[in-house]
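As a plain string of letters, each chain reads:
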Amino acid sequence: MTGDVEMTDDSTPKDDWVLITSADGFSFMVKRKVAMTSGTLKNMLNTESNFKEAVSNTCEMSETRGAVVEKLCEYMAYKAQYEQVPPKEDIPDFTERIPPEVALELLVAADYYEV
Amino acid sequence: MSCDGEPTRKIPSLVQYCQRVATAHADALSSVGDEIRYELIKPVLTFCSPETLLRLETASPYIEPDTPELWKCHCERVYPMALGLHYTDKEPESWREVFFELRELEAKRLEEVGSRIRNQRLQAEERKREREIKITDKLPPAKRGRWSMPSQPKTLFQKTRSDAARMQKSVYGPRMIPAMPPYKSYAVISTSLAPKPPLPSSNPRVTVTAVRRPATASLSPLKPTSPPKKSSKDADQGCSTYLPTPSPTPKPSSDSDLPAPSQMSPPPDSDFGRSPGKKDLMSTLFMPKHRAHSQRPMQSVSTRKVPAR
């Protein structure tokens, strides 16, 4: 079973895009690698599992607002990018990118998605 | 791209970032939502003010079971002494209640202290106002009604004279004056015969004149009024001699207050009466002479009666 499923697109699994949708209809496309920053999403999108999400490369965040999902994706991209940077270099602080109004919701979501 | 190696640096999790931001704006919170894990918001609530905590509890009552520890922290932080005073070791049922009770107590105490300070300040101001200068029409009561003051204020010269008299008495005590040589004899010359030198300044109180010494032995009969002792006293007292005639314009109170300008007893001049080395201070001052030795005509009778040694 593990080998039978074939990807429809030619690109390597690590290179493809993942779709994330929010409760109020927003959609965001992120690289799989970026989405894998989230522990929950990593499990969801694991190609070895039979989850609907994994098959369709889509995650539907039905309880989260678009603004919150956007910040989630932003963080995941930030982390994926700067994780490789050696410690000596300065990187921007993500604190500034969180508006206080969404902080609590984002906290809840971040906790849920193990980000 | 595909290098997915080990992360070289540790980036804080989004949870941590969110907690940081929420804590920074802790008092702007109005609710924590329908459900949120207590562990998630605990660091945020720790930094809330008591008012915010109360508000959040009202909005989201489900957090209340978890908040006593927070209230306890507030109590200990804000009212540590009052806590030790009013609540002993027993664990109170609701730390929230304890907190608000302590707050009321504190407010009452402050009010008391404030009013006490205010009263003290008002009293101090009252006292100060009493001591202020007030404008009034009435005269204050005269302080010394007993002594009669001189009708005219003392002139500068009068003051100088009185000061000089005081100084004379203190400086030129009996010891400082050298003893009169006993063999010298002096006689009182009739004042009207003595030539009067030109006066530098004619002042009714003190006048300067030269008294001519008796040259011959015929004048040697001693005047009993000039005992050696007394003359020794006077020897240094002011070499300046007096005009024999009393001043024509006596000041009204002068005679009563100050010693009348008396004439020098027989030792006439500074050159004769004392050792040459002695400084002649008295000549520089218009020293009033001792009344007892005055040779003024009107007093001459009385001076003779002074016991002579």
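See the structure printed just above.
Residues numbered from 1 in each chain as written. Chains lettered and ligands numbered in written order. Predicted model: local features only at pLDDT ≥ 70, side-chain atom pairs only at ≥ 80, totals over all residues. Heavy atoms only, no water.

Peer 1: Sorry, what's going on with the overall build of chain B here?
Peer 2: In terms of helices and strands, chain B carries 12 helices and 0 strands. In sequence order, chain B lays out its α and β elements as α-α-α-α-α-α-α-α-α-α-α-α. The proportion of buried residues among the 309 residues of chain B is 32%. Sequence-distant contacts, at least 24 apart, represent 73% of the contacts inside chain B between residues at least 6 apart. Counting every atom, chain B has about 21100 Å² of accessible surface; 58% of that belongs to carbon and sulfur. (Helix = DSSP H or I, 4+ residues; strand = E, 2+ residues; numbered from the N terminus. Buried < 20%, exposed > 50% of the residue type's maximum accessible area, 1.4 Å probe, protein only. Contact = heavy atoms within 4.5 Å. Areas by Shrake-Rupley, 256 points an atom, 1.4 Å probe, with all protein chains shown as cover.)

Peer 1: Honestly, unusual backbone geometry in this entry has me stumped. Any pointers?
Peer 2: Most peptide bonds take the trans form, and the phi angle of most residues other than glycine is negative. Residue and element names in this part refer to chain A. Of note in the backbone geometry, asparagine 57 takes a positive phi value of approximately 55 degrees without being a glycine. You can see asparagine 57 is positioned in the loop between α3 (52-56) and β3 (58-60). In this structure, glutamate 114 is a non-glycine residue whose phi angle is positive, near 50 degrees. One can find glutamate 114 in the segment after α5 (100-112). On the basis of relative accessibility, which here comes to 52%, the residue glutamate 114 falls in the exposed class.

Peer 1: Which parts of the structure should I look at to understand the nonpolar core?
Peer 2: Note on soluble globular proteins: their nonpolar side chains tend to be buried together. Residues Ile20, Leu41 and Ile98 of chain A together with Leu14 and Leu45 of chain B are the most contacted members of the largest nonpolar core, which totals 62 residues. Leave out the neighbours within four places in its chain, and leucine 41 of chain A touches Ile20, Ala35, Cys59, Met61, Met76 and Tyr113 of chain A. (Core = buried A, V, L, I, M, F, W, Y, C linked by side-chain atoms within 4.5 Å.)

Peer 1: Would you take a moment to explain the pairing of strand β1 (residues 17-21) of chain A for this structure?
Peer 2: In the case of a regular strand, side chains alternate between the two sheet surfaces. Residue and element names in this part refer to chain A. Sheet analysis places β1 next to strand β2 (residues 27-31), joined by 5 bridges and oriented antiparallel. Each bridged residue has a counterpart across the sheet, and for valine 18 the counterpart in β2 is valine 30. Direction of pairing for β1 relative to β3: parallel, over a ladder of 3 bridges. Across the sheet, residue threonine 21 finds its bridge partner in β3, namely glutamate 60. (Pairing = 2+ DSSP bridges.)

Purely geometric stuff here, so don't read any function into it on its own.
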